[in-house]
Amino acid sequence: VPEILRTNLCSTTLTLLNLGIKNVILFEFIESPGKESLLFALKQLFLLKAVDKDAQLTDLGREMNRFPLEPSYAKLILASNFYKCQDDMVTLVSILSTENIWIPVAARDENKFAKLEDIRKGFSVDNSDHLTLVNVFHSWKDSRYSEGFLQKNFLLFRAMKQARKIRDQLFEISDTVSY
């Protein structure tokens, strides 16, 4: 099954609108995703205020399109500037844009599993997995991005390094947006 038939089309729709395609429903895709999928994407973009009631791109939509992210993540980053929490939001979106950051440990390895759970609790914020992830990243940053810190805390080097690269890129883009 072609990917366009299996995925959320919000990013694709936003990109097409930004390229000047006035009516994405009539756009000739190689493999048409279906009218319902495109209408759903337009509805999501409308709710995010990326398009207006006539399905035309808004200024906010243009700024959202500058980020290589799902539109909802881009909107979070843009809104975080207003709410003065940009550092944490960019960090969170960066981590959510990677694979799982924790080294998998089998529950049958009781000692390692218990140690992993204790480590997770050390970073934990009550009722917030998202803030827990932000704490993990900031702790790694405080360790000067030490590989030893990652090993000690059952964190995947590859995933954390990718999150750091994404974070740096998102801050670069954030510095250029005008919304």
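Everything that follows concerns the structure shown earlier in this document.
Described in the following lines is the structure provided in the data block. Model, not experiment: these values are computed from the prediction.

### Some points on the packing of aromatic side chains
- Tallied over the full model, the rule gives 7 aromatic pairs.
- Relative to Tyr 83, the ring of Phe 82 lies with its centre 4.9 Å away and its plane at 85°, an arrangement referred to as edge-to-face. For the pair formed by Phe 82 and Tyr 83, the shared burial category is exposed.
- Within the aromatic cluster, the residues linked to one another by ring pairs are Trp 102, Phe 123 and Phe 149.
- The ring of Trp 102 has Arg 120 lying over it, and the distance from NZ or CZ to the ring centre is 4.9 Å.

### Section: the packing of helix α1 (residues 10-18) against helix α2 (residues 35-47)
- Between α1 and α2, the least distance of the axes is 9 Å, while the angle of their chain directions is 80°. Here α2 runs roughly perpendicular to α1, going by the angle between their axes. Contacts between α1 and α2 involve Cys 10, Thr 13, Leu 14 and Leu 17 from the first element and Leu 38, Ala 41, Leu 42, Gln 44 and Leu 45 from the second.

Conventions used here
- Residues numbered from 1 in each chain as written.
- Predicted model: local features only at pLDDT ≥ 70, side-chain atom pairs only at ≥ 80, totals over all residues.
- Heavy atoms only, no water.
- Phe/Tyr/Trp six-rings, centres within 6.5 Å; stacked < 30°, edge-to-face > 60°.
- Buried < 20%, exposed > 50% of the residue type's maximum accessible area, 1.4 Å probe, protein only.
- Lys NZ or Arg CZ within 6 Å of the ring centre and 35° of its normal.
- Axes fitted to C-alpha atoms, helices over the stretch in contact; angles between N-to-C directions.
- Helix = DSSP H or I, 4+ residues; strand = E, 2+ residues; numbered from the N terminus.
- Parallel < 35°, antiparallel > 145°, perpendicular 65-115°, else oblique.
- Contact = heavy atoms within 4.5 Å.

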